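Observations on the model geometry
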Amino acid sequence: MAHSHACTDPQHHVHDGDAFVREVERACEQRGLRLTPIRANALRLIADAGRPIKAYDLLDQMKATHDAAAPPTVYRALDFLLEHGFIHKLASINAFVGCHHPGSAAHAVPFLICDGCQSATELEDAAIVDSLDASARAVGFMPQAQTLEVHGLCADCARQAASAG
């Protein structure tokens, strides 16, 4: 599902950790969902990471404030956040990032993942999503979810690589 508005400018997204958590809190309230303290803590840590974070790194950070934090605790929090579209899972690097539009419905998003600095940019582009969906349907495939991950170098890492080479 594509967003109702075109959003290909990464600066348009919710990046501030406080604003991100507030947006998710509002969405939970509107949808009748319960954002428990552990879920909120996981969300805050993901927002503050500023780049994709792996579940066990999240667990290590959560143990600082929740003595009882264990892998199932973290995975249940991640499952809730994923199910409701507040975060995305990047399968190719087995890590999680906050959704830049956490108040909207779940949507398909291409990600640009930098192999240099491990940043991930949520590049919302309805044309890419629609094209992939149409191509899948043309061969009789019924898509249910879509995450496109493109690996390479971000502009900063590409500049550094060019100047080093």
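Just above sits the structure.
What you see is a predicted model, and the numbers here were worked out from it, not measured in a lab. (Residues numbered from 1 in each chain as written. Predicted model: local features only at pLDDT ≥ 70, side-chain atom pairs only at ≥ 80, totals over all residues. Heavy atoms only, no water.)

**As for the packing of helix H1 (residues 17–31) against helix H2 (residues 37–49)**
- In the contact formed by H1 and H2, the axes pass within 9 Å of each other and the chain directions differ by 145°. Our pair here, H1 against H2, has a crossing hand that is right-handed. Where H1 abuts H2, its residues Gly17, Asp18, Phe20, Val21 and Val24 lie against Leu43, Arg44, Ala47 and Asp48.
- For the contact of H1 with H2, the residue count by class is 5 nonpolar, 1 polar and 3 charged. (Axes fitted to C-alpha atoms, helices over the stretch in contact; angles between N-to-C directions. Helix = DSSP H or I, 4+ residues; strand = E, 2+ residues; numbered from the N terminus. Left-handed = near helix turned anticlockwise from the far one by under 90°. Contact = heavy atoms within 4.5 Å. Nonpolar A, V, L, I, M, F, W, Y, C, P; charged D, E, K, R; others polar.)

**Regarding the pairing of strand E2 (residues 95–98)**
- Alternating residues of E2 divide into Ala95 and Val97 and Phe96 and Gly98, and every residue in both groups is buried.
- Two successive antiparallel strands, strand E1 (residues 87–90) and E2, enclose a turn made up of 4 residues, where Asn94 displays a positive phi of approximately 50°. (Buried < 20%, exposed > 50% of the residue type's maximum accessible area, 1.4 Å probe, protein only. Pairing = 2+ DSSP bridges.)

**Some points on the environment of Thr65**
- Within the element layout of this structure, Thr65 appears in the loop between helix H3 (55–62) and helix H4 (71–83).
- Residue Thr65 is classed as exposed on the basis of its relative accessible area of 55%.
- Taking the C-alpha atoms as reference points, Thr65 and Asn41, separated by 24 residues in sequence, lie 8.8 Å from one another.
- A polar side-chain atom of Thr65 sits 3.2 Å from a polar atom in the side chain of Asn41. (Polar contact = N/O pair within 3.5 Å; in protein donor to acceptor, adjacent residues only side chain to side chain.)

**Here we look at the sheet that holds strand E4 (residues 120–122)**
- Ordered in space as E4-E3-E5, the 3 strands form an open sheet in which the pairing is mixed. Because the sheet does not close on itself, it has two edges, and the strands there are E4 and strand E5 (147–152). If you compare each strand with its neighbour and ignore which way they point, the axes differ by 20° on average.
- In the sheet, strand E3 (residues 109–114) pairs with E5 via 6 bridges, with the strands oriented parallel. When the bridges of E5 are listed, Pro110 appears paired with Leu148.

**Digging into the pattern of salt bridges**
- In this structure the tally under the stated criterion is 5 salt bridges.
- Of the charged contacts, one joins Asp18 and Arg44 as a salt bridge, the two residues approaching to 2.7 Å between their closest N and O atoms. Taken together, the residues span a long stretch of sequence, with Asp18 in helix H1 and Arg44 in helix H2 at a distance of 26 residues.
- Under the relative-accessibility criterion, Asp18 is labelled partly exposed at 40%.
- For Glu23, the salt bridge goes to Arg26, with nearest N and O atoms at 2.9 Å. On the criterion of helical spacing, the pair formed by Glu23 and Arg26 is a turn pair, its members being 3 residues apart in helix H1.
- Residue Glu23 is classed as partly exposed on the basis of its relative accessible area, which comes to 24%.
- The network of salt bridges with common partners includes Asp18, Arg44 and Asp48. (Salt bridge = Lys/Arg side-chain N within 4 Å of Asp/Glu carboxyl O.)

Worth remembering: the numbers are spatial, not functional.
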